[in-house]
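Report on the structure
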Amino acid sequence: MSTPVIGVLALQGDVREHLGALAAAGAEARTVRRPEELAEVDGLIVPGGESTTMSKLAALFGMLEPLRARVRAGMPVYGTCAGMIMLAEKILDPRSGQETIGGIDMIVRRNAFGRQNESFEAAVEIAGVAGGPVEGVFIRAPWVESVGAEVQVLAEYGGHVVAVRQGNALATSFHPELTGDHRLHRFFVELVRAGSRGAATGAP
């Protein structure tokens, strides 16, 4: 697959920035709001935003179960900030009624790095991403409290896990789409390409 089709879950959050970063990284980028649109993409980004609102809207739009089914089936997925929370199997301090998609065996703490006025940028070394540190934009960012045995920790900042991968699922605490550095999006595009090749050939 030369140009994978990658969706951005467009219920709430910084959708436009991810669409631009995906296009710059060599993907065909589409918004995804309905189950039929989800069925047409090879991979999906769950963007930053407000995880409680995103959870409620996903339920309202009938997206939670289709999302869970695609992720369980191995669709490549990348969650940033609130998207990391959405991909967690467990939230340490969930709001009432807050649900997740799951897909990464991790426990995540919401707003762990502080509130909006405590947002910051920091250089973060990401395992598997060449070219030196990426600039991480942390806005009401979560961190990962603990991970299961199958989860690979890709990066830490300040002694806390901020980037992880489990199979075809990737998550970061920060917003790479806000920096103009598209290396993490290229990393994900290649993950989608590899996953699609495996699906086409029957390879694991």
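Residues numbered from 1 in each chain as written. Predicted model: local features only at pLDDT ≥ 70, side-chain atom pairs only at ≥ 80, totals over all residues. Heavy atoms only, no water.

Within the protein one finds six helices and 12 strands. Against the 2.2 N^0.38 benchmark of 17 Å for 204 residues, the protein shows a C-alpha radius of gyration of 15 Å, consistent with a compact globule. Across its three principal axes, the protein shows a C-alpha extent of roughly 45 × 40 × 35 Å. Evaluated residue by residue, the protein yields a buried proportion of 51% over its 204 residues. Summarising the internal contacts of the protein: among those between residues at least 6 apart in sequence, 65% fall at separations of at least 24. For the protein, the accessible area works out to roughly 8600 Å², and carbon and sulfur atoms hold 49% of it. Treating the 19 positive side-chain charges of the protein as one cloud and the 23 negative ones as another, the clouds have centres 3 Å apart. (Helix = DSSP H or I, 4+ residues; strand = E, 2+ residues; numbered from the N terminus. Rg over C-alpha atoms; globule rule 2.2 N^0.38 Å. Buried < 20%, exposed > 50% of the residue type's maximum accessible area, 1.4 Å probe, protein only. Contact = heavy atoms within 4.5 Å. Areas by Shrake-Rupley, 256 points an atom, 1.4 Å probe, with all protein chains shown as cover. Lys, Arg positive; Asp, Glu negative; His and termini not counted. Charge placed at Lys NZ, Arg CZ, Asp CG, Glu CD.)

This part covers the confidence of the model for the protein. The predicted model of the protein has a mean per-residue pLDDT of 92, with 95% of residues at 70 or higher. Across residues 197-204, where pLDDT falls below 50, the model places one contact with residues more than four positions away in sequence or in other chains. (pLDDT = per-residue confidence, 0-100.)

This next bit is on the nonpolar core. Counting residues in each nonpolar core, the largest one holds 33 residues, and the members touching the most others are L38, L44, V46, I101, I104, M106 and V164. Looking at this core, the element that brings in the most residues is helix 5 (residues 82-87), giving five residues. Each residue touching V164, except ones within four places of it in the same chain, is listed here: I104, M106, V144, V147, V151, Q152, V153, L154, A169, L170 and A171. (Core = buried A, V, L, I, M, F, W, Y, C linked by side-chain atoms within 4.5 Å.)

With respect to the helices and strands, E190 occurs in helix 6 (residues 183-201). The exposure class of E190 is partly exposed, given its relative accessible area of 41%.

Buried within helix 1 (residues 15-24) are the following residues: V15, H18, A21 and L22. One side of helix 1 carries all its buried residues, which in axial view fall inside an arc of 130 degrees. Following helix 1 by one or two positions, G26 adopts a phi angle in the positive range, close to 95 degrees. (Arc of directions from axis to C-beta.)

Those residues of helix 4 (residues 64-72) that sit buried are L64, L67, R68 and V71. For helix 4, the arc enclosing every buried residue in end-on projection is 100 degrees, short of the 170-degree limit, so these residues lie on one face. Taken from the residues just after helix 4, G74 is the one with a positive phi, measuring 105 degrees.

Only a minority of non-glycine residues have a phi that is not negative, and only a minority of peptide bonds are not trans. Positive phi is not limited to glycine here, since C81 has a value of about 55 degrees. Relative to the elements of secondary structure, C81 occurs in the loop between strand 4 (77-80) and helix 5. Take C81: its relative accessible area is 2%, and that puts it in the buried class. Unlike most non-glycine residues, N111 shows phi in positive territory, near 50 degrees. Note on placement: N111 falls in the loop between strand 6 (104-109) and strand 7 (120-124).

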